[in-house]
Amino acid sequence: MKVQEINRDGFVPLHGLAPLGAGGLTVSLYVWLLFLTPHPQTPVPIYETLSAFAASGSEAWWFVRGLQVGIGLFAAIHLCLVFWMLRGLFAFKHSEAYLAFKHSHNGVQWMVRPLVLAMMVNVLFILGMVFFPRVWDVREFLFPVALISFALIGIDALKIWSDHLSELYEHGADNAGSGLAGMFPAFTFAMVAVGFSASAAMSHDKVTAGIGFIGAVLLIVFALFISTAHFIVQFPAMIREGVKPAASGTLWMAIPISTVLGIAVFRLMMSAQHVWNVHVGSILPALALLIFVSVQVFFYLLGRTVMRRNRGWDYLVKEQPQAASFSLICPGVGAFVLGMFVVFKALLPLEVVNVDTRWIPLLPLLILQLATIGLFLRLLLAAMPKKVSFS
């Protein structure tokens, strides 16, 4: 897939990475509540546990309320951008540019639709848990709704992917210099997989949990196979042909893919332990998380090396901010979120850090999160289309 050098005056499918980034930042703020507020009776913090913690002192109140404001703000941005994206995709599909787009490697970018919709479902559940009382009481009714939603999104993703493969088989296309943009389908399937895994981990109904478990495993395999196969095929081409500056962000796509896959695998382990009473312990989840963060480190170094040569960061952020620039948001979000899981579910159980020293790894993660938020806000001003008409 070539990453187009975008006409900044018009909407293109890659602008869907903007609502994806806003959704990811919403999740990243919730992660602080997940790990730093008490919720002994529930696997995740909910309205009741957050209200009780906020009432325990002024510092706790500011901590919870500040994060709630941030979650509400970025969720609102996410939802507005989702509807904006859907209108844009509809208009783009009926434009003259769509046919050439569909027949090229760029056609895989259409998978931004199921990717963003899967993120939207996750954001809606976070909003429900953070702002609405007694949501947890009806969780066994909500989980089947979530499973149906993710199943429909997964079917849509499978159809887009198979149609794209058929187009490539029939027409062929040149993807020289496109980096690892072909990992887009892996990202989409991984995002749907982590959605399935939530029901597997948190439902106490074995049928619901089992369906979530099966759906997650199926799509994890899809994501792993697609990303691995694409990297094996594309890496020699990258060495031979280089990577265009506009495609530089794709080199870090494996970072958010590793995050959602790592969380999905972690949730499946928790599901096996809590639903089917399989002893998992703390070492196995720590090992899985450390493997995925190691993958992130590898691809970060790969992307950084290439961007130093082709000046991809400067091109996407400073010189020519465009739709593809939003591909730089998800790696920051992904590294932060998986980093938080590693601190609390790997380093603490392995006794590498304790309650008194955990701030040492948390501080750089906080800096990374703030930098990612700053970059997102900058791109909202600089990289969105200047003139948009969906009529």
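It should be noted that the structure appears before, not after, this text.
Residues numbered from 1 in each chain as written. Predicted model: local features only at pLDDT ≥ 70, side-chain atom pairs only at ≥ 80, totals over all residues. Heavy atoms only, no water.

1. Points about unusual backbone geometry
In step 1: Even without being glycine, Arg311 reaches a positive phi, approximately 55°.
In step 2: With respect to the element layout, Arg311 can be found in the loop between α10 (283-310) and α11 (312-319).
In step 3: Phi is positive for Glu351, close to 65°, though the residue is something other than glycine. (Helix = DSSP H or I, 4+ residues; strand = E, 2+ residues; numbered from the N terminus.)

2. Focus: the nonpolar core
In step 1: Judged by nonpolar contacts, the single largest core of 134 residues is most densely connected at Leu20, Phe184, Met191, Phe326 and Met340.
In step 2: By residue number, the principal contributor to this core is helix α7 (residues 184-202), which donates 14 residues.
In step 3: The residues contacting Met340, other than those within four sequence positions of it, are Val31, Trp32, Phe35, Leu362 and Leu365. (Core = buried A, V, L, I, M, F, W, Y, C linked by side-chain atoms within 4.5 Å. Buried < 20%, exposed > 50% of the residue type's maximum accessible area, 1.4 Å probe, protein only. Contact = heavy atoms within 4.5 Å.)

3. Examining helix α8 (residues 206-241)
In step 1: Taking 1.5 Å of rise per residue, 36 residues should cover 52 Å, and α8 covers 51 Å from first to last C-alpha, within 8% of that figure.
In step 2: In the structure, α8 departs most strongly from a straight axis at Gln234, where the bend amounts to approximately 35° and where the proline Pro236 lies between one and four residues downstream.
In step 3: Of the residues that open α8, the one with a side-chain oxygen 3.1 Å from the backbone nitrogen of Val207 is Asp205.
In step 4: One or two positions beyond α8, positive phi appears at Gly242, with a value near 80°. (Expected span 1.5 Å × (residues − 1). Bend = angle between axes of the 7 residues up to and from the residue. Polar contact = N/O pair within 3.5 Å; in protein donor to acceptor, adjacent residues only side chain to side chain.)

4. Here's the deal with the pattern of salt bridges
In step 1: The full count for this structure, using the stated rule, is 8 salt bridges.
In step 2: Taking the shortest distance from any N to any O, the salt bridge between Glu241 and Arg240 comes out at 3.7 Å.
In step 3: Residue Arg240 is classed as exposed on the basis of its relative accessible area, which comes to 60%.
In step 4: When the shortest N-O distance is used, the salt bridge between Arg311 and Glu319 registers 2.8 Å.
In step 5: The structure contains a network of salt bridges with shared partners spanning Arg311, Asp314, Lys318 and Glu319. (Salt bridge = Lys/Arg side-chain N within 4 Å of Asp/Glu carboxyl O.)

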